[in-house]
Amino acid sequence: QVQLVESGGGLVQPGGSLRLSCAASGSTFSMGWYRQAPGKTRVFIATITSGGNTNYADSVKGRFTISRDNAKNTVYLQMNSLKPEDTAVYYCKGMYSARGLSFESWGQGTQVTVSS
């Protein structure tokens with residue numbers, strides 16, 4: 001099973017930036033970021049394939065950038081122009097293949113708080 005470990009969360013003022021990282025213990029064919037605000041369901045933020053194809057939620061387009069380093073099995077989320085409504089626990093998800101099947105794995109989450 002591929003394990004995922006996120007890092008980089010914290011407290012930032014509105015308009016500020018943060019970069020999240022997610023390191024996988026093995027190779028993945030797709031990695032993504034999701035977030036869950038208090039009292040709400042977990043929602044999609046962005047994904048990136050091993051080939052570099054990306055997809056974003058409308059709420060973060062133009063502000064967030066997902067990237068990955070395949071050699072390090074690591075995905076990043078650069079978050080700019082942060083807003084209070086971006087406050088949430090951010091989770092990394094990785095998709096990998098094993099025994100001819102596809103599996104998903106989730107990280108433990110990292111808190112991002114946007115507040116003055």
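For the structure itself, consult the block above.
Residues numbered from 1 in each chain as written. Predicted model: local features only at pLDDT ≥ 70, side-chain atom pairs only at ≥ 80, totals over all residues. Heavy atoms only, no water.

(A) Structural detail: the nonpolar core. Grouped together as the largest cluster of nonpolar side chains are 27 residues, with contacts concentrated most on W33, F64, I66, V75, L77, M79 and Y90. Only β3 (18-24), β4 (30-36), β5 (43-49), β7 (64-69), β8 (74-79), β9 (88-98) and β11 (110-114) provide two or more residues apiece to this core. (Core = buried A, V, L, I, M, F, W, Y, C linked by side-chain atoms within 4.5 Å. Buried < 20%, exposed > 50% of the residue type's maximum accessible area, 1.4 Å probe, protein only. Helix = DSSP H or I, 4+ residues; strand = E, 2+ residues; numbered from the N terminus.)

(B) Summary view of the sheet that holds β8. The four strands lie next to each other as β1-β3-β8-β7, forming an open sheet whose pairing is antiparallel. Each edge of the open sheet carries a strand with a single partner, namely β1 (4-7) and β7. Here the strands of the sheet are splayed against their neighbours by 15° on average, with no regard to which way each runs. (Pairing = 2+ DSSP bridges. Axes fitted to C-alpha atoms, helices over the stretch in contact; angles between N-to-C directions.)

(C) Highlighting the state of the cysteines. By the definition in use, this model includes one disulfide. What pairs with C22 in a disulfide is C92, and their sulfur atoms sit 2.1 Å apart. Taking the sign of the torsion about the S-S bond as the criterion, the disulfide between C22 and C92, at about -85°, is left-handed. One end of the pair, C22, is in strand β3; the other, C92, is in strand β9, and 70 residues separate them in sequence. C22 sits in the buried class, given a relative accessible area of 0%. (Disulfide = S-S within 2.5 Å.)

(D) Representation of the environment of Q111 within the structure. One can find Q111 in strand β11. Taking the C-alpha atoms as reference, Q111 lies 19 Å from A24; in sequence the two are 87 residues apart. With sequence-adjacent residues up to four places away left out, Q111 is seen in contact with G9, G10, T87, A88 and V89. Separated by 3.4 Å, the side chain of Q111 and the backbone oxygen of A88 make a polar contact. (Contact = heavy atoms within 4.5 Å. Polar contact = N/O pair within 3.5 Å; in protein donor to acceptor, adjacent residues only side chain to side chain.)

(E) Focus on the packing of aromatic side chains. The full count for this structure, using the stated rule, is three aromatic pairs. On the numbers, 5.0 Å between centres and 65° between planes, the contact of Y34 with W106 is edge-to-face. Of this pair, Y34 sits in strand β4 while W106 is found in strand β10 (residues 101-106), placing the two residues 72 residues apart along the sequence. With relative accessibility at 30%, the residue W106 sits in the partly exposed group. For the pair Y96 and F103, a centre-to-centre distance of 5.7 Å together with 25° between the ring planes defines the contact as stacked. Residue classification places Y96 among the buried residues on the basis of a relative accessible area of 9%. Judged by its relative accessible area of 26%, F103 falls in the partly exposed class. One aromatic cluster is present, built from ring pairs that chain together Y34, F44 and W106. We note R42 situated over the ring of Y91; from NZ or CZ to the ring centre the distance is 3.6 Å. For R42, the ring lying beneath its charged end belongs to W106, and the centroid distance is 4.7 Å. (Phe/Tyr/Trp six-rings, centres within 6.5 Å; stacked < 30°, edge-to-face > 60°. Lys NZ or Arg CZ within 6 Å of the ring centre and 35° of its normal.)

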